[in-house]
Amino acid sequence: MRLFLDTASIEEIREINRWGVLSGVTTNPTLVGREHHDPELVWKEILGEVQGDVSRETSEPDADAMYEQGRQLAEMGPNAVVKVPMSPDGLEAGKRLVTYGIKVNVTLVFSPAQAILAAEIGAYIVSPFLGRIDDAAADGMHALRQICEIYEVQGYETNVLAASLRHPMHVVDAALAGADIATMPFDVFKKLVKHPLTDVGLAAFTSDWEALQKELKGGA
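Computed from a predicted structure; not experimentally measured.

Visitor: Help me get a handle on the overall build of the protein chain, residues and values and all.
Guide: Scanning the protein chain from N- to C-terminus turns up eleven helices and eight strands. Taking the principal axes of its C-alpha atoms as reference, the protein chain extends roughly 80 × 40 × 30 Å. Across the 220 residues in the protein chain, those meeting the buried criterion constitute 45%. Long-range pairs, those at least 24 residues apart, make up 56% of the contacts in the protein chain with a sequence separation of at least 6. Total accessible area on the protein chain stands at roughly 11,500 Å², and carbon and sulfur atoms take up 54% of it. Of note, the protein chain has its 19 positive side-chain charges centred 5 Å away from the centre of its 32 negative side-chain charges.

Visitor: Let's hear about the packing of helix α1 (residues 10-18) against helix α3 (residues 39-49): which residues, and what values?
Guide: For any two helices packed against each other, one specifies the inter-axial angle together with the distance between the axes. At a minimum axis separation of 10 Å, α1 and α3 run at an interaxial angle of 5°. On the basis of the axis angle, α1 is roughly parallel to α3. Contacts between α1 and α3 involve I10, I13, R14 and N17 from the former and E45, I46 and E49 from the latter. Residues belonging to the contact of α1 with α3 are distributed by class as follows: three nonpolar, one polar and three charged.

Visitor: Would you mind going over the sheet that holds strand β8 (residues 181-184) in detail, with residue names and values included?
Guide: A barrel is described by the order of its strands in space; here eight strands give the closed sequence β1-β2-β3-β4-β5-β6-β7-β8, paired in parallel fashion. Adjacent strand axes in the sheet meet at a mean angle of 25° when their direction is disregarded. Pairing geometry for strand β6 (residues 125-128) and strand β7 (residues 159-162), over two bridges, is parallel. Bridged to V126 within β7 is V160. Docked against the sheet, helix α5 (residues 88-99) engages β4 (80-85) and β5 (104-109), running at close to 155° with respect to β4.

Visitor: Report on the packing of aromatic side chains, specifying residues and quantitative values.
Guide: For any pair of aromatic rings, geometry is given as the distance between the ring centres together with the angle between the planes. What the rule picks out here adds up to three aromatic pairs. Relative to F189, the ring of W19 lies with its centre 6.0 Å away and its plane at 75°, an arrangement referred to as edge-to-face. Here the residue W19 occupies a position in the loop between α1 and β2 (24-26), and F189 occupies one in helix α10 (residues 186-192), the gap between them amounting to 170 residues. In this structure W19 comes out as partly exposed when scored by relative accessible area, which is 35%. Positioned over the ring face of Y124 is K103, at 4.5 Å from the centre of the ring.

Visitor: Kindly report on the layout of surface pockets, identifying the contributing residues and their values.
Guide: One simple way to see leftover space: roll a probe sized like a water molecule over the atoms. What the largest pocket holds in volume is close to 330 Å³. Forming the walls of the largest pocket are 20 residues, and the residues nearest its centre are D6, N28, L31, R132 and S164. Going through the elements one at a time, α2 (29-33) and β5 are the ones with two or more residues in the lining of the largest pocket. Class assignment of the residues belonging to the lining of the largest pocket gives a composition of seven nonpolar, eight polar and five charged.

Visitor: Lay out the packing of helix α6 (residues 112-120) against helix α8 (residues 140-154) in plain terms, naming residues and giving numbers.
Guide: At their nearest, the axes of α6 and α8 sit 9 Å apart, and the two run at 35° to each other. Judged by the sense of rotation from one axis to the other, the crossing of α6 with α8 is right-handed. Across the interface between the two elements, P112, A115, I116, A118 and A119 of α6 pack against A143, Q146, I147, I150 and Y151 of α8. A per-class count over the contact of α6 with α8 returns nine nonpolar, one polar and no charged.

Visitor: Quick rundown of the environment of F110? Include the residues and the values.
Guide: Along the chain, the position of F110 falls in the loop between β5 and α6. Take F110: its relative accessible area is 34%, and that puts it in the partly exposed class. Along the primary structure F110 and P196 are separated by 86 residues, whereas in three dimensions their C-alpha atoms are 34 Å apart.

Visitor: Which residues make up the nonpolar core, and what values go with them?
Guide: The biggest cluster of nonpolar side chains holds 56 residues, and the ones touching the most others in it are I46, V106 and L144. Core analysis: the second largest hydrophobic core is formed by eight residues, F4, L161, A163 and I181 among them.

Reading the values: the criteria
Residues numbered from 1 in each chain as written. Predicted model: local features only at pLDDT ≥ 70, side-chain atom pairs only at ≥ 80, totals over all residues. Heavy atoms only, no water. Helix = DSSP H or I, 4+ residues; strand = E, 2+ residues; numbered from the N terminus. Buried < 20%, exposed > 50% of the residue type's maximum accessible area, 1.4 Å probe, protein only. Contact = heavy atoms within 4.5 Å. Areas by Shrake-Rupley, 256 points an atom, 1.4 Å probe, with all protein chains shown as cover. Lys, Arg positive; Asp, Glu negative; His and termini not counted. Charge placed at Lys NZ, Arg CZ, Asp CG, Glu CD. Axes fitted to C-alpha atoms, helices over the stretch in contact; angles between N-to-C directions. Parallel < 35°, antiparallel > 145°, perpendicular 65-115°, else oblique. Nonpolar A, V, L, I, M, F, W, Y, C, P; charged D, E, K, R; others polar. Pairing = 2+ DSSP bridges. Phe/Tyr/Trp six-rings, centres within 6.5 Å; stacked < 30°, edge-to-face > 60°. Lys NZ or Arg CZ within 6 Å of the ring centre and 35° of its normal. 1 Å grid on protein atoms, 1.4 Å probe; cavity = no way out; pocket = protein on both sides within 12 Å on 5 of 7 lines; lining within 4 Å. Points joined across faces, edges and corners; volume = space filled by probe spheres on them. Left-handed = near helix turned anticlockwise from the far one by under 90°. Core = buried A, V, L, I, M, F, W, Y, C linked by side-chain atoms within 4.5 Å.

Laid out in structure tokens, this is it:
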């Protein structure tokens, strides 16, 4: 399972990228707006920093304008992926973009039925929002498992991207369900590396090593 960072912060992207485990980035209008900079400059910087897929969402409401905007976004870098919403206009624009040879990420997906539609237009990625499904008093992980099973049974090639992940166990459960990609905020990504026993063990090893160095210096 590939790990993506859900952010538009170049500082956050650079930190996780240094770990050597970052495979891509997802953004949306809300995340880009938090940076308070020209969206085009923000996205260009991200495209240059990340070798893997970088998704940016269209902002036009109707299919024709969405298609034209999507083509412009795709031209900004070879790793650019165009996000379109799960809507009739989004599907129409997405299908045209796919036909044109552009990678499309169908976003704001909340049901297996919607995921089938995304696969049928040949989307590169489908993004079910697990945390938001949970917020609506439903089971986001169950929906993800259904989507992964349907895709396997039907032989769909669309990548399943588990989005709206709130904590490390969401990431683990998404991997077990068979998601191809998991995207998460910076704070969740940093929690993946943390475990109290790791901290205790590292502190003990460091202390024992320092004690040994003192012992050797004392005996010299």
